[in-house]
Amino acid sequence: MVVVSLNQTKKVVEKVHAKGTFAASPRRRMSPPARADAARGPNTTLIPCDGPPGFDPDELSARGTWTQVGDGSFGKVFRGELLGEPVAIKVTANARPDRIAGLKRDLWYLSSFSHPNITRVYGGFIEDGDAHMVMEFIPHSLRSKRVVNETNRVKVLADVARALVRVHAMGHVHRDVKARNVLVTEVRD
């Protein structure tokens, strides 16, 4: 299955609607991974989105166990775990107001689309000046020539088209369709 990363979308019909405001994350309970993570402190702010209810950054694996799996102009992408399940954690360093606004927009859009070919988002938070977006972990990208050579290109394009039809039907345009934003769950061995 192909999943399209929608990190650059734009509402065509309406202006961008940012839901809610930043709210301080309550630090009332800490999971064992969070206690083990000395870098995580009380300076955490949740970014509201319509993802699955109950997202808590304290339920992420310790930051020291995250593995970098990608990078780009936005920052870095790490593989971590949320309640034992693999997740991708997009980290934007030096969370300037424009980057925070972009992350909030991406969270809002991603949480608005429910489609098997669109990446699921779990939530976002700001911690120690870095903005984080936690989403479904998809292991492969068309950025890799090996992945391109080992996939059925027609099926990949059909899956991308399905995702874009859904996005366009909701009045949005993906402004950054490119190989590195096409994620593939499986490749032929």
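Residues numbered from 1 in each chain as written. Predicted model: local features only at pLDDT ≥ 70, side-chain atom pairs only at ≥ 80, totals over all residues. Heavy atoms only, no water.

Let us look at the overall build of the chain. The helix and strand inventory of the chain stands at four helices and twelve strands. Expressed as a percentage of the 189 residues in the chain, the buried residues total 47%. Of the contacts formed within the chain by residues at least 6 apart in sequence, a portion of 70% connects residues at least 24 apart. (Helix = DSSP H or I, 4+ residues; strand = E, 2+ residues; numbered from the N terminus. Buried < 20%, exposed > 50% of the residue type's maximum accessible area, 1.4 Å probe, protein only. Contact = heavy atoms within 4.5 Å.)

What follows is about the packing of aromatic side chains. Under the defined criterion, the tally for this structure stands at two aromatic pairs. Seen from their ring centres, W66 and F78 are 6.0 Å apart, and the 45° between their planes marks the pair as tilted. One end of the pair, W66, is in the loop between β4 (44-47) and β5 (67-72); the other, F78, is in strand β6 (residues 75-82), with twelve residues separating them in the sequence. A residue is classified by how much of its surface remains accessible, and F78, at 16% relative accessible area, is buried. Seen from the ring of F137, R79 lies directly overhead, with NZ or CZ sitting 5.0 Å from the centre. (Phe/Tyr/Trp six-rings, centres within 6.5 Å; stacked < 30°, edge-to-face > 60°. Lys NZ or Arg CZ within 6 Å of the ring centre and 35° of its normal.)

Further remarks concern the pairing of β5. The sheet contact formed by β5 and β6 spans five bridges and is antiparallel. Within β6, the residue paired with D71 across the bridge is K76. Connecting the antiparallel pair β5 and β6 is a turn made up of two residues. (Pairing = 2+ DSSP bridges.)

A few words now on the environment of H132. Relative to the elements of secondary structure, H132 occurs in strand β9 (residues 130-136). What makes H132 buried here is its relative accessible area of 0%. Once residues within four sequence positions are removed from consideration, H132 is found in contact with R63, W66, I89, K90, V91, L103, G123, G124, F125 and E127. There is a polar contact of 3.1 Å between the side chain of H132 and the side chain of R63. (Polar contact = N/O pair within 3.5 Å; in protein donor to acceptor, adjacent residues only side chain to side chain.)

All right, on to the pairing of β9 then. Within β9, seven of the seven residues are buried, leaving the element largely enclosed by the surrounding structure. Relative to β9, strand β7 (residues 85-92) runs antiparallel, the two being bridged by six bridges. Bridge assignment links V87 to a residue of β9, and that residue is E136. Bridge count between strand β8 (residues 121-127) and β9: six bridges; the pairing is antiparallel.

All right, on to the environment of T67 then. Note that T67 resides in strand β5. Through-space distance from the C-alpha of T67 to that of G80 is 6.8 Å; in sequence the pair is 13 residues apart.

Below, the discussion takes up helix α4 (residues 153-169). In this model, α4 (17 residues) spans 24 Å end to end at C-alpha, consistent with the 24 Å of a helix rising 1.5 Å per residue. Of all the positions in α4, only V156, D159, V160, A163, L164 and V167 are classed as buried. Buried residues along α4 cover an arc of 135° about the axis, so they all sit on one side. Turned more than 90 degrees off the buried face of α4, the exposed positions are V154, L157, V165 and A169. Between the side-chain oxygen of the N-cap and the backbone nitrogen of V154 there are 3.1 Å, and the N-cap of α4 in question is N152. (Expected span 1.5 Å × (residues − 1). Arc of directions from axis to C-beta.)

Moving on to unusual backbone geometry. For L83, which is not glycine, the phi dihedral falls at a positive 55°. Position of L83 among the secondary structure elements: in the loop between β6 and β7. Relative accessible area serves as the criterion here: at 62%, L83 is assigned to the exposed category.

In the predicted model, the chain carries a mean pLDDT of 74, and the fraction of residues at 70 or more is 70%. Across residues 7-42 the pLDDT falls below 50, and counting only partners more than four positions away or on other chains, this stretch makes 80 contacts in the model. (pLDDT = per-residue confidence, 0-100.)

With the rule as written, the count across this model stands at eight salt bridges. Across the pair R180 and D71 runs a salt bridge whose closest N-O atoms are separated by 4.0 Å. With R180 in the loop between β11 (172-174) and β12 (182-184) and D71 in strand β5, this residue pair connects regions lying 109 residues apart in the sequence. Overall, R180 belongs to the partly exposed group, its relative accessible area being 30%. For D71, a relative accessible area of 37% corresponds to the partly exposed category. One salt-bridge network, held together by shared partners, links D71, R143 and R180. (Salt bridge = Lys/Arg side-chain N within 4 Å of Asp/Glu carboxyl O.)

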